[in-house]
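What follows is each chain in one-letter form.
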Amino acid sequence: MSVLPLVFTSGWASGINAYAVVLLLGIFGATGISDEVPEALQRPDVLIAAGVLFACEAVADKIPYVDSVWDTVHTVIRPVSGAVVGALLAGQSGSLSDLAAGAVGGSTALASHFVKAGTRMAINTSPEPFSNIAVSTAEDLGVGGIVSFAMFYPEAAAIIAAVLLLLGLLILTFLVSRIRRFLRRRAQRREEKQLAAHGGRPPD
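Every value quoted in this text rests on a predicted model; they were computed, and no experiment measured them. (Residues numbered from 1 in each chain as written. Predicted model: local features only at pLDDT ≥ 70, side-chain atom pairs only at ≥ 80, totals over all residues. Heavy atoms only, no water.)

Peer 1: Just checking my understanding: could you explain the overall build of the protein for this structure?
Peer 2: If you tally the helices and strands in the protein, you get seven helices and zero strands. Listing the helices and strands of the protein from first to last along the sequence gives α-α-α-α-α-α-α. With respect to the principal axes defined by its C-alpha atoms, the protein has extents near 60 × 35 × 35 Å. Within the protein, buried positions represent 43% of all 204 residues. A separation of at least 24 residues holds for 74% of the contacts in the protein among residues at least 6 apart in sequence. Entry remark: accessible area of the protein is about 10,500 Å², with carbon and sulfur atoms responsible for 70%. Positive and negative side-chain charges of the protein, numbering 15 and 16 respectively, have mean locations separated by a distance of 14 Å. (Helix = DSSP H or I, 4+ residues; strand = E, 2+ residues; numbered from the N terminus. Buried < 20%, exposed > 50% of the residue type's maximum accessible area, 1.4 Å probe, protein only. Contact = heavy atoms within 4.5 Å. Areas by Shrake-Rupley, 256 points an atom, 1.4 Å probe, with all protein chains shown as cover. Lys, Arg positive; Asp, Glu negative; His and termini not counted. Charge placed at Lys NZ, Arg CZ, Asp CG, Glu CD.)

Following this line, the structure appears as structure tokens:
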């Protein structure tokens, strides 16, 4: 499948920012820069919805702890988006190759989503907010750059995306202790809120 490198790259990018992927692909298709983009992604309503949601994510993704809540909500959305985009890029005939492309896009999006969400949990153990802003901005620029690059050099972009995904998974293994610390803090905050709601007494 000649479109597989683009499917893989879009899947990786969808796991980080699915709305940016849909918006960029739609713009590239609507402006005639690429003829690989299906018409379903070029529709005005799709572009408007993707643009609004991208703006929401751009804000939420830079606020400590809010970004992790946002990631939790998108645990299903990002892989599904990666699968749908992958299937659309491969074609809309419902053939086995389309389903395979959807599986590649979805599984790649799921893997990169876990890297992103886990990394954010580790970063949120730091008291300052600047690292969240820096990482979020880097992710936005990275997604935009890789997806744009994939329009012209899909094979090279897929290699870069694969390397970044592998590096992300390796980094995630070194951040396990900080992720556990984040989860403990979140559980502690929930307990404190429950105690406050019951006047300082443990709930029955």
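Having put the structure on the table, let's press on.
Peer 1: Quick question: what am I supposed to make of the packing of helix H1 (residues 4-30) against helix H5 (residues 130-152) here?
Peer 2: Two measures define how a pair of helices packs: the angle their axes make with one another and the distance between the axes. Where H1 contacts H5, the two axes come as close as 9 Å, and the packing angle between them is 80°. Relative to H5, the element H1 is oriented roughly perpendicular. Listed contacts from H5 to Leu6, Thr9, Trp12, Ala13, Ile16, Asn17, Ala20, Val21, Leu24, Leu25 and Phe28 of H1 are Glu139, Asp140, Val143, Gly144, Ile146, Val147, Ser148, Ala150 and Met151. In terms of residue class, the contact of H1 with H5 is made up of 14 nonpolar, four polar and two charged. (Axes fitted to C-alpha atoms, helices over the stretch in contact; angles between N-to-C directions. Parallel < 35°, antiparallel > 145°, perpendicular 65-115°, else oblique. Nonpolar A, V, L, I, M, F, W, Y, C, P; charged D, E, K, R; others polar.)

Peer 1: What is the right way to read helix H3 (residues 66-90) from this model?
Peer 2: For an α-helix, the turn length of 3.6 residues means that residues three or four places apart are oriented alike. Between the first and last C-alpha of H3 there are 35 Å, a value that for 25 residues agrees with the 36 Å anticipated at 1.5 Å per step. A bend of about 55° at histidine 74 is the largest found in H3. Among the residues trailing H3, glycine 91 stands out with phi positive, at a value near 140°. (Expected span 1.5 Å × (residues − 1). Bend = angle between axes of the 7 residues up to and from the residue.)

Peer 1: Whenever I open this one, the environment of proline 79 confuses me. Can you help?
Peer 2: Tracing the backbone through its elements, the reader meets proline 79 in helix H3. Counting along the chain gives 68 residues from proline 79 to valine 147, while the straight-line C-alpha distance between them is 17 Å. Residue contacts for proline 79: discarding those within four places in its chain leaves His74, Gly106, Ala109 and Leu110.

Peer 1: How should the environment of alanine 30 be read in this particular structure?
Peer 2: Residue placement: alanine 30 occurs in helix H1. Given a relative accessible area of 48%, alanine 30 falls into the partly exposed group. Sequence-wise, alanine 30 and threonine 137 are 107 residues apart; in three dimensions their C-alpha atoms are separated by 26 Å.

Peer 1: What is the right way to read a nonpolar patch on the surface from this model?
Peer 2: Judged by side-chain polarity, Ile33, Phe149, Phe152, Tyr153, Ile159, Ile160, Val163, Leu164, Leu166, Leu167, Leu170 and Ile171 come together as a nonpolar surface patch covering roughly 1,100 Å² of accessible area. Those elements that place two or more of their residues in the nonpolar patch are H5 and helix H6 (154-174). Broken down by element, the residue count for the nonpolar patch peaks at eight residues, all from H6. Tracing the sequence through the fold places phenylalanine 149 in helix H5. (Patch = residues over 30% accessible without salt bridge, like charges linked within 9 Å, V, L, I, M, F, W, Y side chains within 5 Å. Salt bridge = Lys/Arg side-chain N within 4 Å of Asp/Glu carboxyl O.)

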